[in-house]
Amino acid sequence: MAKISTVEAFLARVPLERPVTFSTRTVYMREYCLVRITSDDGHVGIGFSYAVNNSGSLLVATVNDIFAPRLTGDDSLRVEGIWHDLYQETLLIGRAGAVMRALSAVDIALWDLNARDAGLPLYKYLGAAALDRVPAYGSGGYYLAGKSNDDLVEEMRAFVEAGYDAVKMKVGGVSPAGDEERVRLVREAIGPDVRLMLDANNAWRDLPSAMEYIERFEPYHPYWIEEPFLPDDIDNHAALAQRTPIMVATGEVEAGRWRFKELLDKGAAAILQPDAIVCGGITEFRKITATAASYGVGVAPHAWHDLHVHLVASAENATYVEFMPDDHIVNFRRLIDVQLEDRDGHLLLSDRPGLGFSFDPAALEQYVGPHYPQ
Ligand SMILES: [Mg+2]
């Protein structure tokens, strides 16, 4: 039995040199809540979550002020029980958002700690479905100031040339005609056999405004349309799914197994996209994935390929890792010391224990400051 000795959270602030725009928001800074848990047998587990722009301190305070005092002295293997205790402790102020992200980071650190203690990579500790590699799709296609349609086409074409059979780009950020042109050019460049995913980042507020775009996209056979509406607007997701042959995918900012069940019950999504740093950690991600399996639905987790490679490799109904090689826009890669290898549209699994990476000391010095233990 390993007793938890310390639980600490740290704020890492990683600015974007050029702000990036989605259909609905602009990101100029990425703040990460980094969690470090030590056990009395000398092992260290790490976890993390993300908060856009300047809200990371909410997560850090939740871990340090609310969760850490409860965890010290507990058994690190009591992961399910700890999850339930922390969820119950914060029921009035939690259940989603910052508190659930903080709980996610702690839960990930516990799984990492226990897998390292067992000397196993996380995907094997969880019970592997794959042992050497998992499929990934090439993700990007952001709106950036000065980025032309030619630049977008080249970005998508590069994924295909590297061996990816699926790529994703943003939509909903310009006019319907402007977006149709972007989708048309990308489809022409990648050919008919590559899956083309479209991510609207909650762009539309009702069915008519969504259909203005969707009808223009249909001739180019997108594989899915992602987050067409606010996550709370489940009924419109279901209505859209009735109106278009394009599959609706969503879930990247949802938390808790119950909301995902509601999406499935209402026919609002054909693909679920839980994010383990958002939805309640690895413990809750596995419940969501199991729920989806019982509905015959696949899971394609959102972002953070360094973490989700393990969760896709350990779930039979997980389909793709979202691979974001660019370290400018999703800059978590700058904080860690090992990068995943990709080959022929797959991410290679390693035998390094736990998550298979640690936080990079030089990056911590730069982005956290001198507070992180060396
Ligand atoms: Mg998305």
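Below you will find a few notes about this structure. (Residues numbered from 1 in each chain as written. Predicted model: local features only at pLDDT ≥ 70, side-chain atom pairs only at ≥ 80, totals over all residues. Heavy atoms only, no water.)

**A few points about unusual backbone geometry**
Phase 1: The phi dihedral of Asn-53 is positive, around 55°, even though this residue is not glycine.
Phase 2: Summarising the element assignment, Asn-53 is placed in the loop between strand 3 (44-52) and helix 1 (56-71).
Phase 3: Residue Asn-53 is classed as buried on the basis of its relative accessible area, which comes to 12%.
Phase 4: Positive phi outside glycine occurs at Arg-95, with the angle close to 75°.
Phase 5: Tracing the sequence through the fold places Arg-95 in the loop between helix 2 (79-89) and helix 3 (97-118). (Helix = DSSP H or I, 4+ residues; strand = E, 2+ residues; numbered from the N terminus. Buried < 20%, exposed > 50% of the residue type's maximum accessible area, 1.4 Å probe, protein only.)

**Remarks on the pattern of salt bridges**
Phase 1: Here the structure, examined in full by the defined rule, presents 26 salt bridges.
Phase 2: Here Arg-157 and Glu-154 are joined by a salt bridge, their closest N and O atoms 3.0 Å apart. On the criterion of helical spacing, the pair formed by Arg-157 and Glu-154 is a turn pair, its members being three residues apart in helix 5 (residues 149-161).
Phase 3: Its relative accessible area of 44% is what places Glu-154 among the partly exposed residues.
Phase 4: Here Asp-232 makes a salt bridge to Arg-259, at a shortest N to O gap of 3.3 Å. With Asp-232 in the loop between strand 7 (224-226) and helix 8 (234-243) and Arg-259 in helix 9 (residues 257-265), the pair connects residues that are 27 residues apart, well separated along the chain. (Salt bridge = Lys/Arg side-chain N within 4 Å of Asp/Glu carboxyl O.)

**Quick look at the layout of surface pockets**
Phase 1: The calculated volume of the largest pocket comes to roughly 380 Å³.
Phase 2: Forming the boundary of the largest pocket are 26 residues, of which Arg-25, Tyr-50, Glu-252, Val-253 and His-302 lie nearest the centre.
Phase 3: Residue assignment for the lining of the largest pocket shows that the elements contributing at least two residues are strand 2 (26-39), strand 3 and strand 5 (166-170).
Phase 4: The greatest single-element share of the lining of the largest pocket, amounting to three residues, is contributed by strand 3.
Phase 5: Split into classes, the residues belonging to the lining of the largest pocket amount to twelve nonpolar, four polar and ten charged.
Phase 6: Here the lining of the largest pocket spans two domains, and each of domain 1 (4-119 + 361-367) and domain 2 (124-348) adds at least three residues to it.
Phase 7: For the second largest pocket, the calculated volume is near 240 Å³.
Phase 8: Together, Ala-96, Gly-97, Arg-101, Pro-231, Asp-232, Val-253, Glu-254, Ala-255, Arg-259 and Val-278 line the second largest pocket.
Phase 9: Class assignment for the residues of the lining of the second largest pocket results in five nonpolar, one polar and four charged. (1 Å grid on protein atoms, 1.4 Å probe; cavity = no way out; pocket = protein on both sides within 12 Å on 5 of 7 lines; lining within 4 Å. Points joined across faces, edges and corners; volume = space filled by probe spheres on them. Nonpolar A, V, L, I, M, F, W, Y, C, P; charged D, E, K, R; others polar. Domains from an automatic or database assignment.)

**Description of the packing of helix 3 against helix 10 (residues 281-294)**
Phase 1: Orientation of helix 3 relative to helix 10, taken along the N-to-C sense of each, is 95°, at an axis distance of 6 Å. Accordingly, the angle class assigned to the pair helix 3 and helix 10 is roughly perpendicular. Here helix 3 contributes Ser-104, Asp-107, Ile-108 and Trp-111 to the contact with helix 10, which in turn contributes Gly-281, Ile-282, Thr-283 and Arg-286.
Phase 2: For the contact of helix 3 with helix 10, the residue count by class is three nonpolar, three polar and two charged. (Axes fitted to C-alpha atoms, helices over the stretch in contact; angles between N-to-C directions. Parallel < 35°, antiparallel > 145°, perpendicular 65-115°, else oblique. Contact = heavy atoms within 4.5 Å.)

**Details of the nonpolar core**
Phase 1: Ranked by internal contacts, the top residues of the largest apolar core, which has 83 residues, are Leu-272 and Leu-335.
Phase 2: Each of domain 1 (4-119 + 361-367) and domain 2 (124-348) contributes no fewer than three residues to this core.
Phase 3: Not counting the four nearest positions on each side in its chain, Leu-335 is found in contact with Ala-12, Val-14, Tyr-32, Leu-34, Ser-358, Phe-359, Asp-360, Ala-363 and Tyr-367.
Phase 4: Judged by nonpolar contacts, the second largest core, of 43 residues, contains Phe-217, Tyr-220, Phe-229 and Ala-318. (Core = buried A, V, L, I, M, F, W, Y, C linked by side-chain atoms within 4.5 Å.)

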